[in-house]
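# Residue-level structural notes
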Amino acid sequence: MKRLHLKRQFGIAGVTVALCVLSVSPLLGDQGTDAAVARLRPGTAAPAPPPVLPATLSRTAEGGVTVRAVRLSDALKFDGRLDESVYSTVSPIDGFIQQEPREGEPATEKTEVWVFFDDKNIYVSARCWDSQPERAIANEMRRDSQNILQNEAFSIFFDTFHDRRSGFNFSVAILGGLFDTLVAAEGNSNRDWNGVWDARVARFDSGWTTEVAFPFKSLRYGAEREQVWGVQFRRIVRWKSEVSHLTAVPAFLTMAGHLAASLDATMVGLEVPPPGLNLDLKPYAISGLRTDLTSRPQVRDEKDGRVGFDAKWGITKGLTADFTYKTDFAQVEDDLQQVNLTRFNLFFPEKREFFLEGSGLFAFGGVSTQAPAAGSPASNTPVLFFSRRIGLNNGQPAPIVAGGRLTGRAGRYSIGVLDIQSGDDPQVDARATNFATLRIRRDLFSRSSIGALYTRREETGGAAGTDETLGIDALYSASRSLNIHAFLAKTRTPGLQRDDTSHLARFDYNTDRYGLQLEQLSVGKNFNPAVGFLRRTDFHRGYALARFSPRPARTHMRAVRRFVYQGSVEYFENGAGRVDMRETGGSFELELLNGDSLTVGHVRDYEFIPRPFAISSSVSVPVGGYDYQSSRVSYFFGTQRRLAGTLSYQEGSLYEGTKRTLGFATGRLEVSPQLAIEPIISANWVKLPWGDFMTTVVSGRVTYTLTPRMFVSTLIQDNSSAKTLTTNARFRWEYLPGSELFVVYSDGRDTLPRGFPALTNRAFVVKVNRLFRF
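Conventions used here
Each chain has its residues counted from 1, following the order in which its sequence is written. In keeping with the model being predicted, local features are shown solely for residues with a pLDDT of at least 70 and side-chain atom pairs are shown and tallied solely at 80 or more, while totals for entire chains, interfaces and linings include all residues. The side-chain numbers reported here are obtained from all heavy atoms of the structure, hydrogens and water having been left aside. Only DSSP runs of H or I with at least four residues qualify as helices, and only runs of E with at least two residues qualify as strands; both kinds are numbered from the N terminus onward. Using a 1.4 Å probe on the protein chains alone, a residue whose accessible area is under 20% of its type maximum counts as buried, one over 50% counts as exposed, and one in between counts as partly exposed. Note on areas: Shrake-Rupley, 1.4 Å probe, and residue coverage restricted to the protein chains presented here. Charged residues are defined here as Lys and Arg on the positive side and Asp and Glu on the negative side; His and the ends of the chain fall outside this count. Salt bridges, as used here, are contacts in which a Lys or Arg side-chain nitrogen is within 4 Å of a carboxyl oxygen on Asp or Glu. Throughout this description, a polar contact denotes any pair of N or O atoms lying within 3.5 Å of each other; where both atoms belong to protein, one of them has to be capable of donating a hydrogen while the other can accept it, and for residues adjacent in sequence the pair is counted only when both atoms sit in side chains. Contacts between residues were defined by any pair of non-hydrogen atoms, one from each residue, lying within 4.5 Å. By nonpolar core is meant a set of buried Ala, Val, Leu, Ile, Met, Phe, Trp, Tyr and Cys residues that side-chain atoms within 4.5 Å join together. Per residue, pLDDT captures the predictor's confidence, and it can take any value from 0 to 100. Stacked, edge-to-face and tilted labels apply to pairs of Phe, Tyr and Trp rings (six-membered ring for Trp) whose centres lie within 6.5 Å, assigned for plane angles under 30 degrees, over 60, and everything in between, in that order. Think of it as a cone above the ring: NZ of Lys or CZ of Arg counts as a charge over the ring if it is within 6 Å of the ring centre and within 35 degrees of the ring normal. At least two DSSP bridges between two strands are needed for those strands to be called paired. A patch is a set of surface residues, each over 30% in relative accessible area and not in a salt bridge, joined within 9 Å for like charges and within 5 Å for the nonpolar side chains Val, Leu, Ile, Met, Phe, Trp and Tyr.

## Things to note about the overall build of the protein
- Helix and strand counts for the protein come out as two helices and 45 strands.
- Burial analysis of the protein (774 residues in total) assigns 53% to the buried set.
- Accessible surface computed for the protein: about 32,800 Å², of which carbon and sulfur atoms make up 57%.

## Describing the side chain of Arg238
- With respect to the helices and strands, Arg238 occurs in the loop between strand 14 (226–237) and strand 15 (242–245).
- For Arg238, which is buried and forms no salt bridge, the nearest opposite charge comes from Glu152, at a distance of 6.4 Å.
- A distance of 2.8 Å separates the side chain of Arg238 from the backbone oxygen of Leu149, its partner in a polar contact.
- Sequence-distant contacts of Arg238, defined by excluding residues within four places in its chain, comprise Ile137, Leu149, Gln150, Asn151, Glu152, Met255 and Thr639.

## What about the nonpolar core?
- Counting 43 residues, the largest nonpolar core has Ile122, Phe154, Phe158, Phe214, Phe233 and Met267 as its most contacted members.
- A per-element tally of this core places strand 7 (residues 121–129) first, with four residues.
- Setting aside residues no more than four positions away along its own chain, Phe214 makes contact with Lys120, Asn121, Ile122, Val124, Ile156, Phe158, Phe170, Trp197 and Leu219.

## Brief notes about the confidence of the model for the protein
- Scored by pLDDT, the protein comes out at a mean of 87, with 88% of its residues at no less than 70.
- Note that pLDDT drops below 50 for residues 1–45; the model gives that stretch 180 contacts with residues more than four away or on any other chain.
- Note on residues 50–54: pLDDT is under 50 here. Beyond four places in sequence and across chains, it has 16 contacts.

## Focus: unusual backbone geometry
- Note the cis peptide between Glu100 and Pro101, where omega equals 0 degrees.
- Structurally, the position occupied by Pro101 is in the loop between strand 5 (97–100) and strand 6 (111–117).
- Of note in the backbone geometry, Asp538 takes a positive phi value of approximately 60 degrees without being a glycine.
- Checked against the element boundaries, Asp538 lands in the loop between strand 29 (514–523) and strand 30 (539–548).

## Some points on the packing of aromatic side chains
- Applying the stated criterion across every chain, the model contains 27 aromatic pairs.
- Measuring from ring centre to ring centre gives 5.9 Å for Phe309 and Tyr325, while their planes differ by 35 degrees; the resulting arrangement is tilted. Of this pair, Phe309 sits in strand 18 (residues 299–314) while Tyr325 sits in strand 19 (residues 319–327), placing them 16 residues apart in sequence.
- Taken together, a centroid distance of 5.2 Å and an interplanar angle of 40 degrees make the contact between Phe362 and Phe385 tilted. Within this pair, whereas Phe362 is found in the loop between helix 2 (353–356) and strand 20 (392–393), its partner Phe385 is found in the loop between helix 2 and strand 20, the two being separated by 23 residues in sequence. The pair Phe362 / Phe385 is uniform in exposure class, with both members buried.
- Lying across the ring of Phe572, Arg536 places its NZ or CZ 4.3 Å from the centre.

## Observations regarding the pairing of strand 36 (residues 624–637)
- Inspection of the sheet shows strand 33 (residues 597–609) paired to strand 36 by 13 bridges, in the antiparallel sense. Directly across from Ile609, in strand 36, lies its bridge partner Gly624.
- Two strands pair when backbone bridges link them, and strand 36 and strand 37 (residues 643–654) are joined in this way by eight bridges, in the antiparallel orientation. Across the sheet, residue Phe636 finds its bridge partner in strand 37, namely Thr646.
- Between strand 36 and strand 37, which follow one another and run antiparallel, lie five residues.

## So, the pattern of salt bridges
- In the structure shown here, the tally under the stated rule is 42 salt bridges.
- For Lys110, the salt bridge identified is with Glu112, shortest N-O distance 3.4 Å.
- Judged by relative accessible area, Glu112 falls into the buried class, the value being 3%.
- Ionic pairing is found between Arg578 and Asp580, a salt bridge with its closest N-O pair at 2.8 Å.

## Focus on the environment of Asp750
- Positionally, Asp750 belongs in strand 43 (residues 739–750).
- Put simply, Asp750 and Lys723 are 27 residues apart on the chain and 5.9 Å apart in space, counted from C-alpha to C-alpha.
- Once you skip the residues sitting within four places of it in the chain, Asp750 turns out to touch Lys723, Pro757, Ala758 and Thr760.
- At 2.9 Å, the side chain of Asp750 and the backbone nitrogen of Leu752 are in polar contact.

## A closer look at the pairing of strand 15
- Neither face of strand 15 is open: one carries Glu242 and Ser244, the other Val243 and His245, and all of them are buried.
- As paired strands, strand 14 and strand 15 are joined by four bridges and run antiparallel to one another. Counted as the bridge partner of Val237 is Glu242 from strand 15.
- Joining the antiparallel neighbours strand 14 and strand 15 is a turn of four residues, in which Ser241 adopts a positive phi near 55 degrees.

## Here's the deal with the environment of Ala430
- Here Ala430 lies in the loop between strand 23 (413–422) and strand 24 (433–444).
- The class for Ala430 is buried, based on a relative accessible area of 11%.
- Sequence separation of Ala430 and Pro397 is 33 residues, and the distance between their C-alpha atoms is 9.0 Å.
- Not counting chain neighbours up to four residues away, the residues in contact with Ala430 comprise Asn393, Ala398, Gly423, Asp424 and Asp425.

## A word on the environment of Thr469
- With respect to the element layout, Thr469 can be found in strand 26 (residues 466–477).
- Residue Thr469 is classed as buried on the basis of its relative accessible area of 2%.
- Along the primary structure Thr469 and Asp500 are separated by 31 residues, whereas in three dimensions their C-alpha atoms are 9.9 Å apart.
- Ignoring anything within four residues of it in the chain, the contact list for Thr469 reads Leu384, Leu453, Tyr454, Thr455, Lys490, Thr491, Asn528, Pro529 and Ala530.

## What about a nonpolar patch on the surface?
- Taken together, the side chains of Leu277, Leu281, Phe309, Trp313, Ile315, Phe323, Tyr325, Phe772 and Phe774 present a nonpolar region at the surface, about 800 Å² in accessible area.
- Residue assignment for the nonpolar patch shows that the elements contributing at least two residues are strand 18 and strand 19.
- Mapping Trp313 onto the fold places it in strand 18.

## Section: the side chain of Asp605
- As for its placement among the helices and strands, Asp605 is situated in strand 33.
- Buried within the structure, Asp605 lacks any salt-bridge partner; its nearest side chain of opposite charge belongs to Arg604, at an N-O separation of 8.6 Å.
- Not counting chain neighbours up to four residues away, the residues in contact with Asp605 comprise Met581, Arg582, Glu583, Tyr626, Asp627 and Tyr628.

And the structure:
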């Protein structure tokens, strides 16, 4: 193995964070292999405790923490073992503090961290001691799987601008799985962002270790040579449901507390390389066959071959420009099917990588661009910018010719500019359209902000006119527990006059023991965010929620984490003052220390149906006002179990009839650490005066992970309402960090005819891309 000889070293004391130099690694220029799990030979003793050296860690009486990054002067093997001399000569960063289950107490399992750097990379290394390593939960190694945080895991958060609001989050699981998140406005996170970084893990007799490397080119930061960053480290000991951090994080922030940049430690001593070209170029080539028997004319085994590219240019350390040409999303997994028994549109989240990067910056009014699902309290709040309006028409892909985006920070301003040109495609009734978005947000005080958002949609090949949306929003954050959001927005749509505004005011008080939310939202009849998402129009909505969640004394109920009592009231009326919907509900949740939870709830509803709507293909609900109610019980089987997921049952009245619902969601069956089955089941039995029907959605995802950067996944979905059976199989191999090979097969069938489901569409695609960094 090659070695790098570095110039100088200086010690600093106290924490276990390490910035290491890679020798043979793709991040340093040499092309290495995939991230792999290294294991010490059986019987190998744990490394000796490091000697006491000058501080790399200091703590104040008020809880403030400062850590120091160390420039390396000796070679390191990037293997995750932490057996080089630097780990005994540089003092570790330690002293982690519990967030769960005993907030504020010292962590029961020791964690040591080191932070090092050289002229190309910043490195973090961690030694995670474990009193019972044989109980470690280790069943996920797939890149970007959210189940990574349900394993033994170590996380790193960098606030690179030290603005105490935004940053980069990286997590490594005990099997080597990688997960990263881009964070904007403290808590508005984009889990689908993919950075270029690398990690190795290993085990020893008393725990496990990891070394993580981040190229400076993958991060954005200020222009100064000597940097001051915010930094946070998190250790998850999943087998005992313990979460701890370098600094104290309140329990009420839950797992999102790790992304609370204002709680970070301060990291000094870091020296970044001088600015370079900072250009990433990622060309792609795609080839495949396509059959579509629903199009006119029909397409059978049509050959397809295309090339295109994405480019990323760091204009400054804070501003990044992205360009895309002939963008293709053939590798994106199918949407998960949903059951809709309401009059309103369903929301499907964005999955395309180009639109996911930097999406948090375009969030408006305290609502994520990845809006909540129907039925949640915030589901009726307008999303002014929703990227699935671009390049998709009625769920079918439409061609994107080219586009550009500028995102980043300049002083106290966050800036986002997007311009995309889509093309014509008669097969999906798509017309050439230009989409433009401008977002500006200015930080105020320590946690508050004010901003503006503008969107425009214009068909460039016709005379349909231009749709525009303009909004201003503000956040006043008196403390971490008390936040007030507000926005005012107006749209302009050809042919629609007046009553085209929307406004919101939301009060949110949230602590571990108490919670209170109050909201007033209005949406005009002609409010039409053409590049956004809106479930309904013409309403005024009032909402209130109160929560009481005490934690019992450990001496009395050792198995219980906390009780959660919650009640809510929601009220809708239209612009003329007619009551359209009214709902009151209450719930009780029992959270257990082992990760399981039991929830029971009851809701009472009134809904006015202004016009008949088809609740199923054979049943319609007539005009009128309806009172109904239902009770629901669910049990969440924690991820410490081989079979995890939420089993639920709901029963009650609906539109002068009855409805029963049985569901199993977020399911995961661990067959082996590499093979998992993820079942999802939703079944509804509905009896109404106008007819009875049953709807089911059954899906299952089978994933086999060969390495942390290579997996095979198949998603099969059967939707009785849509009479469809779909299959989507994907092979993904990140053969170099940032460079990928995809092989995708998709198949859609109609289950209405008798016999074997009839083919409606099919596609086979091979796609490869390659990242070049300049």
